[in-house]
Amino acid sequence: MSILTLLREGNPLAKAEQQRTILEGPSSGTPDLPRFETALESAGVQQLRRGPLTTLQVNVGKLCNQTCRHCHVDAGPDRRELMARGTFEECLRLVQDADIGTVDITGGAPEMNPEFEWFVSELRDFGRHVIDRCNLTILSAPGFQHLPKFLADHNVEIVASLPCYLESNCDSQRGDGVFRKSIEALQILNRLGYGQPDGELVLSLVYNPTGPSLPPDQRKLEQAYREQLSQRYGIEFTRLYTITNMPISRFLDDLLSTGRYEEYMNRLVSAFNHDAIDGLMCRSTLSVDWQGYLYDCDFNQMLELPLISSTRLHIRDVTAGDLRDRKINTGRHCFGCTAGAGSSCQGALT
Ligand code: SF4
Ligand code: SF4
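Here the structure is a predicted model, which means the values were calculated and not measured.

Judged by how many residues are buried, helix α10 (residues 249-257) sits mostly within the fold: 7 of 9 residues are covered. Those residues of α10 that fall on the buried side of the exposure criterion are Ser249, Arg250, Phe251, Leu252, Asp253, Asp254 and Leu255. Looking one or two residues beyond α10, the residue adopting positive phi is glycine 259, at roughly 70 degrees.

Have a look at this one:
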């Protein structure tokens, strides 16, 4: 079976293993690419290790109402993986045990998990900062139209993908009609107080390139977004995050099928920026999958690269002390986080 066929049709574990094989080579046909660990050493970092844990990123499942071309989760309407109540309860236990201040909820479309609203309410009752990684279109889908008010009432930060302020660019990446629905959702959120200059409801937008290039300067692009969204649609937002496309999952498939994998990897490697190392999100964030297994980040989760341990660690089995100063599980995909201005779920790093 070819690599592309496996990526498209294989079961999730086989797909993850195949991706790791491609990325780590030399069978990838990219024998000259350096290892990420070698690049770290050349920057004077012998090992990447965890620092204080500030954020738990909870991937509540792969179910989504969209099927975006760049999706690193391979999410879509036909996925059935969803976190169950017992695993959410283990997340709440660790949040309290490790005194984690921020819980970043992602998916799929996280709001499609039936436990989403209960989980958010519990976290807010504990005084935690909650982030919802929202695709915007879910806010107008049948059965979810009450969500904007729910999120505002619970002071949840919304981080929303909007890969361009131009309709055609956005729809080419996220699907026909997505831009229009996203604009309508942003207008609803603005009316509820999100993204207002003096308000406390935070609305962050996320840009990622439509193709195999690095994001432009975050501050300049934020300014362009502000002007364009305000003039065209009267929309305001709090800030813009630029995020580099990671060479995994659907975007890796796209790179391979268009013959641009090596070009993109070489671009990431040659843009290695050692100033981005301190801010890498794996140093302060812990990622948990829908079944409760733990990873250094969401990208490692998609590659089935667990926390380094003799056994695969589950959230029910760890305490705050188990997580301190652990070595981070890295690979060539990590060049996506250190390229250019650096990249994380909170945007550029430098
Ligand atoms: S990128 Fe987000 S909205 Fe698009 S398919 Fe993936 S999880 Fe869904
Ligand atoms: S992909 Fe990025 S966040 Fe994840 S382990 Fe590598 S450097 Fe850290």
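Another aspect to go through is helix α4 (residues 85-97). Compared with an ideal rise of 1.5 Å per residue, which puts 13 residues at 18 Å, α4 spans 18 Å between its outermost C-alpha atoms and is within 8% of the ideal. Within α4, burial applies to Thr87, Phe88, Cys91, Leu92, Leu94 and Val95. Each buried residue of α4 lies within a common arc of 165 degrees when the element is viewed along its axis, so the set occupies one face. The elements touched by buried residues of α4 are β1 (55-59), β2 (102-106), α5 (116-125), β7 (285-288) and α13 (320-323). Of the residues trailing α4, aspartate 99 is marked for its positive phi of about 50 degrees.

Glancing now at the site of ligand 1. Taken together, the neighbourhood of ligand 1 is formed by Cys64, Gln66, Thr67, Cys68, His70, Cys71, Ala75, Gly108, Asn135 and Arg174. Taken together, the residues of the shell around ligand 1 break down into 4 nonpolar, 5 polar and 1 charged.

Below, the discussion takes up the environment of serine 310. Its place among the elements puts serine 310 in the loop between α12 (298-302) and α13. Residue classification places serine 310 among the exposed residues on the basis of a relative accessible area of 79%. Along the chain, serine 310 and asparagine 245 lie 65 residues apart, while their C-alpha atoms are 31 Å from each other.

Our next topic: the packing of helix α7 (residues 167-174) against helix α8 (residues 178-191). When two helices pack together, their arrangement is given by the angle between the helix axes and the distance between those axes. Put simply, α7 and α8 touch, their axes get as near as 8 Å, and they point 110 degrees apart. Taken together, the axes of α7 and α8 are roughly perpendicular relative to one another. Of the residues in α8, those in contact with Glu167, Cys170, Asp171 and Arg174 of α7 are Val178, Phe179 and Arg180. Of the residues that constitute the contact of α7 with α8, the class distribution is 3 nonpolar, no polar and 4 charged.

Moving on to the packing of aromatic side chains. Enumeration according to the criterion identifies 8 aromatic pairs in this entry. Between the aromatic rings of phenylalanine 36 and phenylalanine 335, the centroid separation amounts to 5.2 Å while the plane-to-plane angle is 85 degrees, which identifies the pairing as edge-to-face. Remark: phenylalanine 335 occurs in helix α14 (residues 335-338) and phenylalanine 36 occurs in helix α3 (residues 36-42); sequence separation between them is 299 residues. The pair formed by phenylalanine 36 and phenylalanine 335 is uniform in burial state, with each residue classed as buried. Above the ring of phenylalanine 237, the side-chain terminus of arginine 226 is found at 4.4 Å from the ring centroid. Its guanidinium or amino end placed over the ring of tyrosine 293, arginine 312 lies 4.0 Å from that ring's centre, counting from NZ or CZ.

Among the nonpolar cores identified, the biggest contains 61 residues, and Leu56, Tyr225 and Leu229 are the most heavily contacted of them. Counting 40 residues, the second-largest nonpolar core is a separate cluster that includes Phe36, Cys64, Leu255 and Ile277.

Before going further, it helps to spend a moment on the site of ligand 2. Looking at ligand 2, the residues that line it are Met246, Leu280, Met281, Cys282, Cys297, Phe299, Asn300, Ile328, Asn329, His333, Cys334 and Cys337. Of the residues in the shell around ligand 2, the class split is 9 nonpolar, 3 polar and no charged.

We now examine the packing of α4 against α5. Contact geometry of α4 with α5 gives a least axis separation of 11 Å together with a crossing angle of 15 degrees. Taken together, the axes of α4 and α5 lie roughly parallel to each other. Note that α4 runs across α5; the crossing there is right-handed. Across the interface between the two elements, Arg85, Phe88, Glu89, Cys91, Leu92 and Val95 of α4 pack against Trp118, Phe119, Glu122 and Leu123 of α5. Across the contact of α4 with α5, the residue classes break down as 7 nonpolar, no polar and 3 charged.

The rules behind the values
Residues numbered from 1 in each chain as written. Chains lettered and ligands numbered in written order. Predicted model: local features only at pLDDT ≥ 70, side-chain atom pairs only at ≥ 80, totals over all residues. Heavy atoms only, no water. Buried < 20%, exposed > 50% of the residue type's maximum accessible area, 1.4 Å probe, protein only. Helix = DSSP H or I, 4+ residues; strand = E, 2+ residues; numbered from the N terminus. Expected span 1.5 Å × (residues − 1). Arc of directions from axis to C-beta. Contact = heavy atoms within 4.5 Å. Near = heavy atom within 4 Å. Nonpolar A, V, L, I, M, F, W, Y, C, P; charged D, E, K, R; others polar. Axes fitted to C-alpha atoms, helices over the stretch in contact; angles between N-to-C directions. Parallel < 35°, antiparallel > 145°, perpendicular 65-115°, else oblique. Phe/Tyr/Trp six-rings, centres within 6.5 Å; stacked < 30°, edge-to-face > 60°. Lys NZ or Arg CZ within 6 Å of the ring centre and 35° of its normal. Core = buried A, V, L, I, M, F, W, Y, C linked by side-chain atoms within 4.5 Å. Left-handed = near helix turned anticlockwise from the far one by under 90°.

Treat this as a map of the structure, not an account of what it does.
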